[in-house]
Structure formats: structure tokens, C-alpha cells
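# Fold and geometry: a report
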2 protein chains.
Amino acid sequence: MTASPPLSDRPHDKRPPAPAPTLPVSTPPQVPVGRIPVQDVRPVIDHGLRPAKAVVDETFTLDATVLREGHDAVNATVVLTAPDGQQTLIPMECINPGLNHWVAEVTASYPGNWTYRVEGWSDPYGTWEHDASIKVAAGVDVELMLTEGALLLERAAEQPGRSGDGRLLLDDAASVLADTDRSVTTRLSAGLDRAVREEMSRLPLRDMVSPSPDYPLLVERERALYGAWYEFFPRSEGCYYDTNTEAWVSGTLVTAAKRLPAIAAMGFDVIYLTPIHPIGRAARKGPNNTLGAGPHDPGSPYAIGSPDGGHDAIHPELGTFDDLDEFVAEAERNGLEVAIDIALQASPDHPWVSSHPEFFTRRADGTIAYAENPPKKYQDIYPLNFDNDPSGAYAEVRRVIQVWIDHGIKIFRVDNPHTKPVQFWQWLIQDVAKEHPDVIWLAEAFTKPAMMHLLAKVGFQQSYTYYAWRNGAGELRDYCTELAGESAAYMRPSFWPTTHDILTPYMQFGGLAAWKLRAALAATLVPTYGIYAGYELMEHVARPGAEEQIDNEKYQFKDRRWADYEPGGPKEGQSLAGYLTTINAIRKAHPALRWLRNLRFHHVDDENMLCFSKARRLPDGSEDIIIVVANLDPHSTRSSMVRLDMPVLGMDWPDSFEAHDLITGETWTWWEHNYVRLGPEWEPVHIVAVRRP
Amino acid sequence: MTASPPLSDRPHDKRPPAPAPTLPVSTPPQVPVGRIPVQDVRPVIDHGLRPAKAVVDETFTLDATVLREGHDAVNATVVLTAPDGQQTLIPMECINPGLNHWVAEVTASYPGNWTYRVEGWSDPYGTWEHDASIKVAAGVDVELMLTEGALLLERAAEQPGRSGDGRLLLDDAASVLADTDRSVTTRLSAGLDRAVREEMSRLPLRDMVSPSPDYPLLVERERALYGAWYEFFPRSEGCYYDTNTEAWVSGTLVTAAKRLPAIAAMGFDVIYLTPIHPIGRAARKGPNNTLGAGPHDPGSPYAIGSPDGGHDAIHPELGTFDDLDEFVAEAERNGLEVAIDIALQASPDHPWVSSHPEFFTRRADGTIAYAENPPKKYQDIYPLNFDNDPSGAYAEVRRVIQVWIDHGIKIFRVDNPHTKPVQFWQWLIQDVAKEHPDVIWLAEAFTKPAMMHLLAKVGFQQSYTYYAWRNGAGELRDYCTELAGESAAYMRPSFWPTTHDILTPYMQFGGLAAWKLRAALAATLVPTYGIYAGYELMEHVARPGAEEQIDNEKYQFKDRRWADYEPGGPKEGQSLAGYLTTINAIRKAHPALRWLRNLRFHHVDDENMLCFSKARRLPDGSEDIIIVVANLDPHSTRSSMVRLDMPVLGMDWPDSFEAHDLITGETWTWWEHNYVRLGPEWEPVHIVAVRRP
């Protein structure tokens with residue numbers, strides 16, 4: 001294939017051109033296959049134009065179809081090339097000979113731009129092993145087969161890279177194979193000896209080595225895949241109603257920082273702040289998204305920009321850059337990373353409106369275009385236009401991002417990226433990564449699958465998902481199977497049971513069981529999940545007619561009076577903080593939960609229940625295995641049989657094991673078939689650690 | 001991705017290298033996406049390294065995912081580039097907005113190396129059409145929307161390529177849109193007028209045109225996809241037993257040519273000859289694959305080569321090159337193309353054994369390796385070795401092929417291509433195509449799917465299939481759906497109910513119904529099918545323990561006494577020739593049956609029955625539609641309801657039509673639900689032409 005410029009416009013025409021006078025004589029556009037063909041290497045993203053992704057120490061399966069003519073043995077190797085050029089050979093295994101399907105487990109140990117390729121090769125020892133075993137037993141070509149074996153092992157002994165011991169071993173075996181004074185059985189056995197096989201597998205004779213192209217693999221830090229997020233509006237943390245002035249006093253970065261230890265104590269990894277920039281006055285929204293805000297209404301932090309500054313400024317009511325630096329430092333002291341919101345849109349009061357009018361769309365009447373969803377208009381928001389002056393707009397956003405990076409921000413949650421050109425994000429994320437490869441971008445694109453996938457392919461490390469609207473067992477199983485499947489090579493899901501924009505009927509009406517369940521599922525189905533402040537308090541009342549919180553923090557302050565839920569407070573015991581702390585502790589203690597691609601579902605008889613497991617081999621050789629069973633019906637306790645796919649758990653069908661429920665501390669003996677009872681009456685979810693003697 | 005040389009051997013090592021000291025700083029390997037991203041263009045074979053295929057005038061669907069940010073209208077065009085560089089723009093249609101799935105029907109009109117690409121673009125008229133309709137109706141921005149519409153149409157009127165009439169039309173509409181003296185309704189209608197839309201669709205305003213890469217499309221002559229083949233052993237045609245000498249006298253190319261008019265009269269397109277080369281004497285096989293042939297046993301034509309010559313020679317008993325030329329000429333006079341068998345293996349008597357010993361594998365004891373399937377050995381066959389001297393071996397085979405091309409052979413049926421290196425075939429087929437792009441290669445690779453697919457990808461125009469072993473309705477439906485699906489872009493199946501190597505139990509024991517059924521299905525499910533001589537006579541007796549003919553022609557002469565079945569002959573009426581003639585006539589009369597990708601299945605209540613249809617739009621605008629209903633149980637007559645998917649037939653659910661059975665001449669009125677009764681009692685298959693008023 002070749003790149004081609006766009007065709008200059010001419011009429012659409014379905015009629016093909018008239019036949020050419022003679023048959024064209026040109027070389028067909030075939031790229032030669034290798035001597036040992038390698039086909040269908042996976043993952044390969046967009047024909048290799050974009051990298052597959054993994055995080056450091058994340059093991060994933062590399063698949064290929066490797067085949068050859070005739071009956072001789074074929075074999076395959078993955079060549080993993082690190083950013084510094086160092087190469088690692090990983091043997092592949094044929095897991096389905098009928099489909100010529102080969103796999104290898106691949107793990108990269110540090111971040112950067114890696115590549116991998118598959119090499120198919122002819123395996124003369126494998127051919128000999130197969131033929132000699134059969135023919136010698138059948139008395140066919142006996143002396144010939146033994147001689148050929150001896151010659152093969154002599155050749156292998158001389159191979160560059162062979163250790164002294166290896167050479168000795170193979171030379172010995174070769175001499176026994178060639179020794180006509182010994183019995184045929186002894187001679188053959190010398191060639192098929194376990195140690196010989198192992199040595200030949202360690203450093204095989206690889207003939208006709210045929211490489212696939214090298215495909216790109218972008219390896220990122222673990223936080224790109226794994227983390228527990230906590231979202232809050234900083235102005236709410238420490239805000240209070242001043243009865244003297246009869247007005248709310250905003251929380252600040254200083255007061256918000258005081259909340260960080262509690263969030264860290266629950267076990268979260270990332271604190272995500274909604275936009276902290278100055279808020280416009282023009283057409284400001286009042287409480288519950290009403291038009292005509294009062295003088296004390298703080299406005300939506302998504303209506304960015306005022307005379308106090310734009311995307312590179314901090315709202316004066318929240319504090320200063322020094323306050324931000326101290327907030328970031330306090331977060332760090334608590335083991336938290338700070339994520340901020342990037343919402344690339346402007347209030348009509350934004351400085352860009354005058355300094356960069358070309359960043360906006362001008363209508364035929366000279367006015368600037370508001371955000372619209374025809375016939376609706378959003379008069380508090382001007383969308384940005386990236387096409388009038390792409391390089392100018394790109395550079396300005398890049399400058400803005402650097403402001404925050406320079407203040408220690410390494411995670412950006414991007415609001416509605418699907419309303420800006422994809423090529424803009426691709427450029428921005430790549431450009432930032434040149435100097436800051438540890439920066440992580442989360443796409444808040446609740447939109448069609450193609451756009452979500454493409455944003456991930458061009459660089460977003462993480463993506464919000466449809467999780468909030470997947471409540472049934474079947475749909476969760478299907479959706480998570482999809483997310484943990486081929487797309488996991490480039491798209492990493494983040495699961496949020498609620499956000500400041502989302503409060504589904506399930507959460508409005510599901511009660512305690514729903515709030516526990518949806519957090520536990522989010523935290524175990526995928527490695528990255530998040531909750532929005534107030535989740536602890538099960539804030540479940542929606543604005544009538546909307547599926548979001550009533551008295552939403554987007555438009556007003558919210559003092560949650562956290563102290564009331566502390567020991568001795570009037571609402572002690574009425575918070576889910578303890579449950580969330582348990583969930584996060586389980587995530588930290590069990591590395592299996594840090595991965596996505598290891599998700600496997602098991603059968604449950606009751607269609608309202610879900611069972612899945614994750615397993616991960618640890619450096620010490622042990623296996624960390626977690627099994628989750630959940631009753632998705634928040635309104636009734638259900639009992640059912642769960643049928644575990646034992647081989648998926650690394651066990652044989654008749655095996656049993658100790659199932660330790662990490663939520664309740666109970667322990668049972670489980671095997672393939674297990675009785676479970678779950679629901680609002682007790683706990684909606686088992687999170688079970690597998691313990692084996 | 002980049003091509004890379006194979007890594008020099010070093011130990012397999014699963015341990016990744018030690019962490020690098022610092023984070024690498026390099027540009028991630030991202031290729032920029034277009035401003036309007038185009039994703040997942042299909043068909044694209046092996047990431048564009050190998051061409052998709054079509055034959056002349058074969059229409060196929062090109063798919064792509066085309067998307068953009070925000071709400072503005074997106075559109076897409078296929079640019080089809082002919083071998084001479086001429087480009088055709090084909091508008092795409094979005095058939096699934098939720099998945100951003102766009103399609104276009106593509107047809108190439110002459111053979112050669114074409115390319116296609118998809119261009120995504122911003123569609124300002126589409127955006128305006130959508131927004132203006134909604135906003136003007138809602139009274140929002142009315143004057144602004146009308147003004148913007150006028151400006152847009154003025155711009156469109158000036159577009160290069162716009163016809164005079166088109167320009168006039170758009171300018172008129174623009175002036176009405178801009179005319180504030182007229183009513184809003186009149187002004188808007190002018191911009192949304194049907195003629196304006198059509199003109200804008202004929203030559204659209206395409207902004208931000210963003211091309212995909214150009215992907216290769218190899219267009220071949222129609223015979224590559226469509227044809228009815230007839231196989232015979234030329235030595236059997238005209239052979240006779242000489243009672244004086246008590247020996248068989250071989251048929252010749254001259255006597256075999258006498259059979260051609262009868263084969264042509266049955267409607268076949270290709271006459272395929274098993275190998276016509278000199279046959280080796282060494283270890284020659286006797287009747288029924290026995291060892292130790294007698295002096296008069298003719299030997300297997302697959303044991304090629306004797307002192308009389310090798311692959312570039314004709315068996316003296318069959319005749320001379322002049323006889324071959326006359327055979328080819330007679331075939332041509334009868335409208336038949338000649339295909340010959342290429343079996344690249346040698347009898348120990350082959351001239352290559354002495355002239356080109358490097359074409360064979362020499363064992364450690366100095367002997368040449370026989371063909372083997374350990375522990376079995378085939379001592380009448382030496383396989384070729386293409387690795388000792390690849391360029392020599394490739395060139396010699398190329399020379400041999402040219403000998404036959406020079407005698408008018410344009411179709412090669414390749415015996416067991418999967419036992420030779422794939423890259424050899426790729427080179428050979430490409431090299432031949434440089435000067436002879438009309439040469440067609442059929443792969444006889446009854447092997448694993450990956451090899452069959454790869455042989456097709458590297459150049460074989462056609463492939464034998466698993467058809468002979470797919471007898472149930474479910475498995476036929478699954479298999480044919482697969483063959484007519486994505487792989488149809490590069491692999492073209494050939495269906496054979498029997499061959500000289502294949503006589504399944506279904507055919508041994510199915511009786512007349514089976515022999516009619518399997519020919520009719522082969523001839524209608526896919527465009528290329530073939531039968532082996534004797535099919536007309538329902539030769540169904542297998543050699544005990546084998547699934548092939550007893551007294552197989554591979555090892556002996558077979559005089560079928562065709563005259564006995566002619567009118568007045570002792571066996572008149574005992575042949576299927578008439579049925580086959582009908583089937584082939586139906587194929588010729590109905591262009592829908594010349595395509596593969598138009599195959600669609602319909603529901604039948606009885607699980608032993610199968611229903612499918614094929615439709616094709618003809619140049620005159622009419623639609624050729626064939627519906628086939630078959631009872632796959634050869635032993636009982638069955639009746640069932642068939643439920644036709646009416647939209648697939650281009651009709652609405654309540655429509656009815658005249659169903660004309662092309663086998664029996666009967667006509668019924670059919671609609672969605674139809675009663676059918678089929679089986680040995682009457683006919684096993686309906687082949688129905690749809691007739692509509």
C-alpha cells in the first residue's frame with residue numbers, strides 16, 4: 001500500500017472507465033512471503049501504523065499463524081526489541097496445530113517504544129525427533145536415522161552461543177548415536193534424552209529463519225493501566241455557608257488538601273479535580289442547571305475563562321499556583337497522584353476570545369458560534385475551532401498543558417475529547433510524550449465505539465466506558481469480554497459507577513447493595529476504576545427528569561460534613577468508606593487485579609449473578625488468583641450454583657481449594673461446583689482469594 | 001512497522017533485560033491520522049502487503065469506518081484507480097451510523113493491478129442541511145442559517161468540474177436563499193430542493209479530504225472465479241482391450257479429443273487433464289495401488305518422468321506436441337479451455353535425477369530421499385527439494401511451465417502445492433503473470449485452513465475445498481458463509497463432489513438423489529465447480545477400505561463405453577448427462593450464479609434442508625435472482641416450510657413473486673413462507689428463478 005494525496009474534486013461517477021485496449025503488463029503488488037510464512041501476528045494495531053500498548057511488567061499473549069509446506073517441523077520465536085535495541089528471544093508454543101496457531105507470553109520491563117516480530121523457522125531437530133521415533137520403532141532406515149541424528153547434534157554443538165556444558169552434552173549424545181557397538185535403543189535414547197531436548201530448546205538449531213515485520217509496542221508506566229481514582233470538586237472541600245453574609249464561602253486548594261489523607265486512607269491512588277480555572281460570568285448557570293445565576297452562584301467550572309484568566313490560570317477563589325504546588329506535594333506525601341480536568345472550551349469571557357479570535361468559529365453575521373445541539377444552544381460556552389489556525393491552536397494548548405506539567409500534574413482527564421479533531425489529540429499526546437512519557441491522558445468520550453477506540457489508538461492511555469449503563473449479568477459479561485479482548489492491546493477502560501454527570505436509575509433506586517456492588521465490580525473487573533465524592537454517602541437523589549445528582553456540584557457548593565461520619569460523629573457507620581477501604585486494600589494485595597487481559601468468566605446458574613476470575617503468576621512462581629461472585633439484583637438475595645472452569649484457575653477438574661472471602665473473612669472449601677448465596681440480606685459480592693496447600 | 005533481518009541465533013531467554021537507567025525519550029511510532037479519520041478499510045489483505053482480488057465486472061462491497069469529532073456531517077468516497085492511473089470516485093453510504101460503518105459497491109472493468117482508497121471528508125452541505133432544517137423550523141438563527149446556505153451554494157457553484165447547468169441551479173438556489181423578500185419557507189426549500197441535493201451529491205463540496213493509504217486490488221479475468229470443469233484421464237478416452245495381445249491399448253490425445261464435443265455439449269467450460277507426462281517404471285504401482293505392476297500396467301500418471309522425458313514432455317503413448325496442439329484447438333472450437341495437472345514430483349526414472357541431482361534431497365547414506373509419511377515410504381516418488389538451489393529449481397519449473405503456455409495451456413491445476421515452499425509458488429505465479437496475466441492456477445491443497453488461505457493470498461486464483469466432506473445443512477451453511485465472506489476477497493473456492501482421489505460414503509451410498517444433489521449444490525453454491533469423468537454414470541463403488549474409486553484410473557485404463565448411453569444404446573437414459581446439461585445451462589443463463597460474494601442463506605424448518613439465494617443487478621437495471629432449495633437427505637423425501645428473507649431478495653416482506661423451477665419447468669407463486677417437498681421420490685433440488693411483473 002502507498003500513501004496518496006487526496007484526489008482533486010471531480011464528479012462522483014459510479015460507471016467504471018472504458019476497457020483498456022490491451023491487458024496491462026505490470027508486476028503484481030505482492031510482497032514476498034518468508035520461506036517459513038508468518039501470518040496474522042496479533043496484536044497489530046491499524047496495520048502496524050499505531051503501536052500496541054502494555055504497561056511495565058504486564059504480560060500479554062502474542063499470537064501468530066506460522067506454517068510451512070510438507071511435513072517437516074516448524075517452529076517460531078518472538079523477538080522483543082527494547083528501546084535501547086536489546087533483543088530478547090521468546091520461544092512460541094503451538095496451541096492449535098490444526099489452525100497453525102502459535103502463542104507466546106510477552107512482558108516488557110521498562111517504559112518506552114519497543115517492537116516485536118515473529119520469526120518462523122525450520123526445526124531440523126524437531127523433524128528428526130518425530131521421524132526417528134517413528135521410523136526406528138518401525139525398523140525403517142534405522143542406521144540412517146541414527147546417523148542423521150548424530151550429524152545434527154554435532155552441528156548443534158558447534159552453534160555460536162552454545163555453552164561449554166551444552167556442547168559437551170550434545171557431542172556426547174552424538175557419539176552415542178553414532179556408536180554402532182551400542183544397541184539401537186541406547187543410541188536413539190541418547191538423541192531423545194531429556195537434557196538434550198532441553199539444551200536444543202534453550203538454543204535451537206533455527207534454519208530458514210523468516211521474520212515478520214517489526215511491529216510497534218508502546219510500554220507505559222503501570223498507572224496507565226492500574227489505579228483507583230477519587231474525584232472531587234475542590235471548591236466543595238472546606239466550603240461553608242456564612243450565615244452572616246448569607247453566602248457560601250468557597251473551599252480552596254488549601255482546604256481541599258486537608259481531605260487528602262482521608263482519601264488516601266481509603267486506598268485511592270489518584271485524586272482527580274474538576275476544572276480549577278476561572279469561571280465565566282456570561283450566561284452563568286445557576287443551581288440545577290437553571291438560567292440566570294444569582295450573584296453568589298459560583299457557576300460551572302466547565303464554563304472556563306474570565307478576566308482572571310483562562311486554561312492556564314487558577315480560579316482566584318481556589319487559590320494560587322503556590323497553593324496548587326502545596327496541594328500536589330500533600331497528595332504526594334499521601335501517595336496520591338493529582339489528575340486535573342482539561343475541558344477545551346471557553347466561556348465568552350475567556351481571554352482567548354480577544355487574544356485569539358481565530359480559535360473560535362465566526363458565523364456569517366460576525367458573531368462567534370456558541371456550542372449547539374440544534375436547535376439547543378449553550379450560550380455560556382464557545383467551542384474551540386482547531387481548523388482556522390491549527391498550528392497556532394495546537395501550540396497554545398501545548399503551552400497550557402506544560403503549565404500544569406510544570407506544577408507536577410502528570411494525569412489529565414480530558415472532557416469530551418470526541419468534540420475536537422482526533423489528529424489534534426494525537427499530536428498533543430505525542431508531543432507531550434517526547435519529554436514527558438509518564439503523562440497519562442484519560443478520555444471522557446461517552447460516545448460511539450469507533451471514536452472511543454480511535455482516541456485510544458492515537459494515544460489516550462485510558463478511556464471512560466459504558467460501565468455505568470451495563471447492569472445485567474449478560475451485558476456485563478459481553479462488554480467486559482470485549483474490553484479484555486483484542487482491544488485491550490490499545491484501549492484501557494476506566495469504570496465509574498457514578499460521576500458528577502451520571503447517576504443511573506440503578507444507583508438511584510438500588511440501595512446499599514447497589515452501591516457496594518457497583519464499586520466492588522468496577523474495582524475488580526478492570527484495573528482502573530473511580531468514584532465521585534459522595535459515593536461513600538450513597539448520594540442517590542437525582543434531579544427530577546435527569547440522571548445526575550440533584551443540587552449538582554457543577555452549579556453550587558456542597559458541604560458534605562465528612563466529620564459527621566467519623567467515629568463519635570452523629571452519622572458514624574453510615575458511610576461506605578470502610579467498604580471502599582477494604583476493596584482498595586484487596587486490589588493492592590492482589591496483583592492479579594492489576595491486569596485486564598487476565599479476566600475470565602465462569603458459569604453461574606442464576607442469570608442475575610456473575611462470576612469471574614483473574615490470575616497472575618508472581619515473580620516467586622506462585623499464582624495469585626481472585627474469584628469474584630456477585631448478585632446483580634440489588635433487591636433480593638439469591639442462591640445459585642457456580643461452576644468454575646478449573647483449568648482456567650490452573651487446576652484440574654476434580655481439584656478443590658480453600659476459598660477465602662476477603663470481604664467477610666470467611667473460608668470455604670470450593671471445587672468445580674459451589675453453592676453461593678448473595679444479596680442485600682448479607683453481602684452482594686464475594687471476593688475470594690484462592691489458597692492452595 | 002519496519003522490515004527486519006532475522007536475528008542471529010542466541011539463547012532463548014524469557015527474562016527481559018535489566019531496566020534501563022532513564023526513561024527513553026523518543027518519538028512514539030505513530031503515523032498521523034487524517035483530519036477525518038478513516039479506519040478499518042476492508043478488504044485489505046495481510047495489512048496491504050498482498051492484493052485483494054476480484055474478476056472483471058464482479059461487484060464487491062468495500063467497507064470502512066469513517067468518523068469525525070463533534071456533530072458536523074462526515075462523508076466518504078472510494079477512489080478506485082485503474083492500472084492506467086484513471087481514477088473513479090464512488091460515493092460511500094453510511095449503513096450503520098452507530099458504528100460509523102460506510103460501504104460502497106466497487107466494480108472493476110478490466111484485468112490488472114488496481115488500487116483503492118477511502119477518502120473521509122467534511123460535508124458542509126450535509127451539516128447545513130441538518131442544522132438548517134432543525135433550526136429554521138425552531139425559529140433559531142433563521143436569517144443566519146439562510147445566509148450561510150446561500151454562501152455555501154455560491155461556493156459550490158464555483159467548484160471546478162461543476163457543469164454549466166449545475167452552476168446555474170446552485171446559483172439560483174443561492175439567490176433565493178439570500179432573498180429577504182421571500183418567505184422563510186420558500187428560501188429554505190430552495191436550499192433543500194431535490195435537484196440541489198442531487199447536484200450536491202453528484203459533485204459534493206468536500207472539505208478536509210483525508211485519504212486512507214491506497215490498497216492493492218488484483219483484477220483477473222472471469223474464469224478465475226467462474227467456470228464448470230470436467231476432469232478426465234486422456235489415456236482412458238479411446239482406450240480398449242486388445243483381445244489379440246491380451247493387453248490394453250492406451251487412449252491418446254487424438255482419441256481423447258473426440259470426447260470434447262460431448263463434454264462441451266453438457267455445458268462445461270474447462271477440460272482438465274491429469275498429468276500427460278512420461279510415467280516412471282521404478283516401483284510402478286499396479287491396479288488398485290498394488291506393489292509390483294505387471295508389464296502392461298500403465299502406472300500412475302503422478303509418478304512423472306522416464307527416459308522419455310519429464311515435466312516438459314508428453315507420454316509417447318498419448319501422442320506428440322502436435323497432437324496436444326490439435327487437442328487444444330479442438331477444445332477451443334468447442335468453447336473449452338484446457339487445464340493440465342502440475343505435479344512437481346519425480347519418478348526415480350525422471351531425467352532430473354541425473355541432470356539436476358540438486359533438485360532432490362540426499363540422505364546421509366548418499367541415497368535420494370523418497371516421499372514419506374513416516375514410517376510409510378513411497379518408493380515410486382522422489383519429492384523435489386527447492387532449497388538446495390532455489391534459483392535453479394525455480395527457473396527450471398518456470399521453463400517447464402512456459403513449454404505448456406507456449407502450447408496454449410492457460411490453466412494449471414497444481415497437485416499438492418502445500419508440499420512445496422509457499423514462496424516458490426508466489427514467485428512462480430507472479431513471474432508467469434508478468435507476461436501471461438490470464439494464466440489461472442488451481443491449488444489442490446486439501447490441508448489446513450491457514451495453508452489454503454495463504455496459497456490463495458500469494459497468487460492461486462482458485463482452491464479446492466472441503467466441499468466433498470460437507471454434507472449436512474448446518475455445516476454447508478457455515479462453510480459456504482465463511483467462503484463467501486471476508487476470505488472471498490482473495491480465495492475462490494472450487495467445489496468437486498468427487499475426484500479421482502475422493503469418493504465419500506455419501507456418494508457411495510446416496511444413490512441417484514445424492515449424485516444429482518451434490519452436482520446441483522456445487523454448481524450453484526459457488527461459481528466454479530467440477531466433476532470427474534464417470535460422474536454421469538454415478539460410478540459409486542469404492543475400493544474396500546478406501547474412499548476412492550475401485551479399479552481407479554490412476555493405475556489402469558478405464559473404457560466407459562460412452563456410446564452405450566447414447567440414444568439407441570443399451571444403457572440409454574442411465575446417465576446424468578442430461579441433468580448436468582440442465583445445471584450448466586442454468587449457470588450460463590443466470591449471471592447471479594457467476595458470483596460468490598452474493599450468496600445468502602434462508603431459513604428452512606427441516607434441518608436436513610438447505611435454502612440459499614443469489615442476486616445480481618444486470619447492466620439493464622434488472623435483477624437476476626436464483627433461489628435454491630435442497631433436501632440433503634438422499635434417502636427420504638421431506639417436506640418443510642421455507643422462510644425467505646424477502647429484503648435479501650430485493651422485495652418487501654408481504655410481496656409475492658412467480659417462482660419458476662428451472663429443473664422441472666414448474667411455476668408457483670411464492671412469498672415469504674413456502675411449502676416445499678423434495679427428495680429421491682421426485683427431485684432433490686429446486687433451482688428457482690424469480691420472475692416479477
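Described below are features of the structure shown in this document. (Residues numbered from 1 in each chain as written. Chains lettered and ligands numbered in written order. Predicted model: local features only at pLDDT ≥ 70, side-chain atom pairs only at ≥ 80, totals over all residues. Heavy atoms only, no water.)

Right, let's talk about helix α15 (residues 511-525) of chain B for a bit. Residues that lie three or four places apart on an α-helix share one face, since the helix turns once every 3.6 residues. With 15 residues, α15 of chain B should cover 21 Å at 1.5 Å per step; its first-to-last C-alpha distance of 21 Å lies within 8% of that length. Burial runs high along α15 of chain B: 13 of the 15 residues are buried. (Helix = DSSP H or I, 4+ residues; strand = E, 2+ residues; numbered from the N terminus. Expected span 1.5 Å × (residues − 1). Buried < 20%, exposed > 50% of the residue type's maximum accessible area, 1.4 Å probe, protein only.)

Residues and elements named next belong to chain A. One closed barrel holds the eight strands; their spatial order is β11-β14-β15-β20-β21-β22-β23-β24, and the pairing between them is parallel. Here the strands of the sheet are splayed against their neighbours by 30° on average, with no regard to which way each runs. Taken strand by strand, helix α10 (residues 390-405) contacts β15 (337-342), β20 (411-415) and β21 (440-444), and its axis lies near 140° from that of β20. Taken strand by strand, helix α16 (residues 577-589) contacts β11 (227-232) and β24 (528-532), and its axis lies near 165° from that of β24. (Pairing = 2+ DSSP bridges. Axes fitted to C-alpha atoms, helices over the stretch in contact; angles between N-to-C directions. Contact = heavy atoms within 4.5 Å.)

Turning next to unusual backbone geometry. Here Arg-42 of chain A and Pro-43 of chain A are connected by a cis peptide whose omega angle stands at 0°. Relative to the helices and strands, Pro-43 of chain A resides in the loop between β1 (38-42) and β2 (52-55). Note the cis peptide between Pro-374 of chain B and Pro-375 of chain B, where omega equals 5°. By the element assignment, Pro-375 of chain B lies in the loop between β17 (371-373) and β18 (376-378). At Asp-40 of chain A, a position not held by glycine, the phi torsion is positive, near 55°. Structurally, the position occupied by Asp-40 of chain A is in strand β1. Residues other than glycine seldom take positive phi values, yet Asp-46 of chain A does so here, at roughly 50°. Mapping Asp-46 of chain A onto the fold places it in the loop between β1 and β2. Given a relative accessible area of 14%, Asp-46 of chain A falls into the buried group.

Core analysis: the largest hydrophobic core is formed by 167 residues, its most contacted members being Ile-271 and Leu-525 of chain B. In terms of residues, this core owes the most to one element, α15 of chain B, which gives nine residues. The contact partners of Ile-271 of chain B, leaving out residues within four places of it in the chain, are Tyr-230, Phe-232, Leu-260, Ile-263, Phe-327, Ala-331, Leu-336, Glu-337, Val-338 and Ala-339 of chain B. Listed in part, the 166 residues of the second largest apolar core include Val-41, Ile-411, Ile-531 and Ile-626 of chain A. (Core = buried A, V, L, I, M, F, W, Y, C linked by side-chain atoms within 4.5 Å.)

Before going further, it helps to spend a moment on the packing of aromatic side chains. Overall, the coordinates contain 66 aromatic pairs over all chains when judged by the stated rule. Residues Phe-386 of chain A and Phe-424 of chain A carry aromatic rings whose centres are separated by 4.4 Å and whose planes lie at 35° to one another, so their mutual orientation is tilted. Separated by 38 residues along the polypeptide, Phe-386 of chain A in the loop between β19 (382-383) and α10 and Phe-424 of chain A in helix α11 (residues 422-435) bring together distant segments of the chain. Phe-424 of chain A matches Phe-386 of chain A in its accessibility class, with the two residues each being buried. Ring pairing ties together the aromatic residues Trp-229, Tyr-272, Phe-446, Tyr-464, Trp-469 and Trp-496 of chain A, which thus form one cluster. Between Lys-457 of chain B and the ring centre of Tyr-490 of chain B, over which it is positioned, the NZ or CZ distance is 5.4 Å. (Phe/Tyr/Trp six-rings, centres within 6.5 Å; stacked < 30°, edge-to-face > 60°. Lys NZ or Arg CZ within 6 Å of the ring centre and 35° of its normal.)

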